[in-house]
Amino acid sequence: MKIIFLDADGTLLHHSGIIPESAVKAIKMAKEKGHKICLCTGRQHCELYGDLLNIDFDGIITGSGNGVYINNNLLHESYFDLKSIQRLVQFFKENRIPVLCETDHKIYGNQEAYDYILNLKKIHCDSLSLEEQKKHGVMIIYKNLNVCDYDTLLKKKINKVTFFDSNLTYNQIKEELQNEFDLVPSTFALLGKESGEISQKGITKGTGMKYLMDHYHMSRKDVLSIGDSYNDLPMFEESNICIAMGNADEYIKSVCDYTTTPILEDGIYHAFLHFNLI
């Protein structure tokens, strides 16, 4: 029996909101064989929607390791301390950077973030049907975004921060903050190449995985994971077998044991088949 951790965006879920039928089929077949299937995502719990909610996961990790759920019950939660939030808020305020401050139940953002997402909505979503809009990643952010001032942000229990393209590059922001926080490039391509995510030092998808591994009395030798982006690297470090999607960055592919086909070419199904999980 294996415990299998699946990233969401770019792995199980396309940014248009599509989960390939083959992936749903593969998950069902693997569970029937006794394997545990867990979602391991940078998304917050409030950003899980549509077909994601129709999959019977044995565990869910949200916020890149900040929230851990079993049967919709919270097993573990962590968030920035006040000093850390003050530091981040002051930095983004001074540099007028569009930023989302995320909790597991709500997404807060500054006016710059709202303007940025509104523009993405016009470009990518306004021409879609209502049904297509409901599933699109940009619309999910737009509908969950609560615009507030910086003083309000200081009062929230924030567990992850996402920043967008701005007058500073990703590397400039990383250089400024990396001694205090963990930073990775954004997992959502539509936010732009200079966007990124900020987490507490040492809180990763990998630390979240350990809670579920302990719960199911499983060890690293039992772990298989599939992902496509930089915030999946800690997930791979806790895995006996790590698999990159065909649409992953070339560096991600280089550190994995196997590369499957892209998400819309039945990547998860082919990976499960290759490793005799189904």
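Everything numeric in this text was worked out from a predicted model, so none of it was measured.

Caption draft 1: Molecular detail of the sheet that holds strand β4 (residues 67-70). In space, the eight strands of this open sheet follow the order β5-β4-β3-β2-β1-β12-β13-β14, with mixed pairing throughout. Whereas interior strands pair on both sides, the edge strands pair on one side only; in this sheet they are β5 (73-77) and β14 (258-259). In this structure, strand β3 (residues 59-62) lies alongside β4, joined through three bridges in antiparallel fashion. From the neighbouring strand, Ile60 faces β4, where its bridge partner is Tyr69.

Caption draft 2: Layout of the pattern of salt bridges. Considering all chains together, one arrives at 16 salt bridges under this definition. Residues Lys31 and Asp56 are paired through a salt bridge, measuring 3.9 Å at the closest nitrogen-oxygen approach. Residue Lys31 is located in helix α1 (residues 21-32), and its partner Asp56 is located in the loop between β2 (36-40) and β3; the two are separated by 25 residues in the primary sequence. For Asp126, the salt bridge goes to Lys121, with nearest N and O atoms at 2.9 Å. A network of salt bridges, in which partner residues are shared, links Asp7, Lys205 and Asp232.

Caption draft 3: Structural detail: unusual backbone geometry. The phi angle at Asn71 is positive, at roughly 55 degrees, despite the residue not being glycine. Structurally, Asn71 is set in the loop between β4 and β5. On the basis of relative accessible area, Asn71 is assigned to the exposed category, the value being 62%. At Arg96, a position not held by glycine, the phi torsion is positive, near 50 degrees. Mapped onto the secondary structure, Arg96 falls in the loop between α2 (82-95) and β6 (99-102). Take Arg96: its relative accessible area is 59%, and that puts it in the exposed class.

Caption draft 4: A look at empty space enclosed by the protein. Counted under the stated rule, the structure contains one cavity of 30 Å³ or more. In this model, the largest cavity occupies a volume close to 210 Å³. Only β6, α5 (137-144) and β9 (160-163) provide two or more residues apiece to the lining of the largest cavity. The residue inventory of the lining of the largest cavity, partitioned by class, reads four nonpolar, five polar and six charged.

Caption draft 5: Fine view of the layout of surface pockets. Quantified by volume, the largest pocket comes out at close to 420 Å³. Residue lining of the largest pocket: 21 residues in total, with Gly10, Thr187, Phe188, Ala189 and Asp228 positioned closest to the centre. Each residue belonging to the lining of the largest pocket can be placed in one class, and the counts come to eight nonpolar, nine polar and four charged. Along the walls of the second largest pocket sit 16 residues, with Asp182, Leu183, Val184, Tyr230 and Pro234 positioned nearest its centre. Of all the elements in the fold, those that place two or more residues in the lining of the second largest pocket are α7 (170-177), β10 (181-185), β11 (196-200) and α9 (233-237). A total of four residues in the lining of the second largest pocket trace back to one element, the largest contributor, which is β10. Looking at the lining of the second largest pocket residue by residue, the classes come out as eight nonpolar, four polar and four charged.

Caption draft 6: Seen up close, the sheet that holds strand β7 (residues 107-109). A sheet is described by the order of its strands in space; here six strands give the open sequence β8-β7-β6-β9-β11-β10, paired in mixed fashion. In this open sheet, the two strands that pair with only one neighbour each are β8 (145-147) and β10. Strand-to-strand twist in this sheet, taken as the mean axis angle between neighbours without regard to direction, amounts to 25 degrees. Two elements, β10 and β11, share five bridges in a ladder whose sense is antiparallel.

Caption draft 7: Spotlight on the packing of aromatic side chains. By the definition in use, this model includes eight aromatic pairs. By the ring-pair criterion, three or more aromatic residues cluster together here, those being Phe91, Phe92, Phe163 and Tyr170.

Caption draft 8: Region of interest: the environment of Val223. In this fold, Val223 is placed in strand β12 (residues 223-227). C-alpha of Val223 to C-alpha of Phe91: the two residues are 132 residues apart in sequence and 38 Å apart in space. Aside from chain neighbours lying at most four places away, what touches Val223 is Ile3, Phe5, Met209, Met213, Glu238, Ser239, Asn240 and Ile241.

Caption draft 9: Quick look at the packing of α2 against α7. With their axes 12 Å apart at the nearest point, α2 and α7 run at an angle of 145 degrees to one another. Classified by chirality, the crossing of α7 by α2 is right-handed. Packed against α2, whose contacting residues are Arg87, Leu88 and Phe91, the element α7 presents Ile173, Glu176 and Leu177 at the interface. Across the contact of α2 with α7, the residue classes break down as four nonpolar, no polar and two charged.

Thresholds applied
- Residues numbered from 1 in each chain as written.
- Predicted model: local features only at pLDDT ≥ 70, side-chain atom pairs only at ≥ 80, totals over all residues.
- Heavy atoms only, no water.
- Pairing = 2+ DSSP bridges.
- Helix = DSSP H or I, 4+ residues; strand = E, 2+ residues; numbered from the N terminus.
- Salt bridge = Lys/Arg side-chain N within 4 Å of Asp/Glu carboxyl O.
- Buried < 20%, exposed > 50% of the residue type's maximum accessible area, 1.4 Å probe, protein only.
- 1 Å grid on protein atoms, 1.4 Å probe; cavity = no way out; pocket = protein on both sides within 12 Å on 5 of 7 lines; lining within 4 Å.
- Points joined across faces, edges and corners; volume = space filled by probe spheres on them.
- Nonpolar A, V, L, I, M, F, W, Y, C, P; charged D, E, K, R; others polar.
- Axes fitted to C-alpha atoms, helices over the stretch in contact; angles between N-to-C directions.
- Phe/Tyr/Trp six-rings, centres within 6.5 Å; stacked < 30°, edge-to-face > 60°.
- Contact = heavy atoms within 4.5 Å.
- Left-handed = near helix turned anticlockwise from the far one by under 90°.

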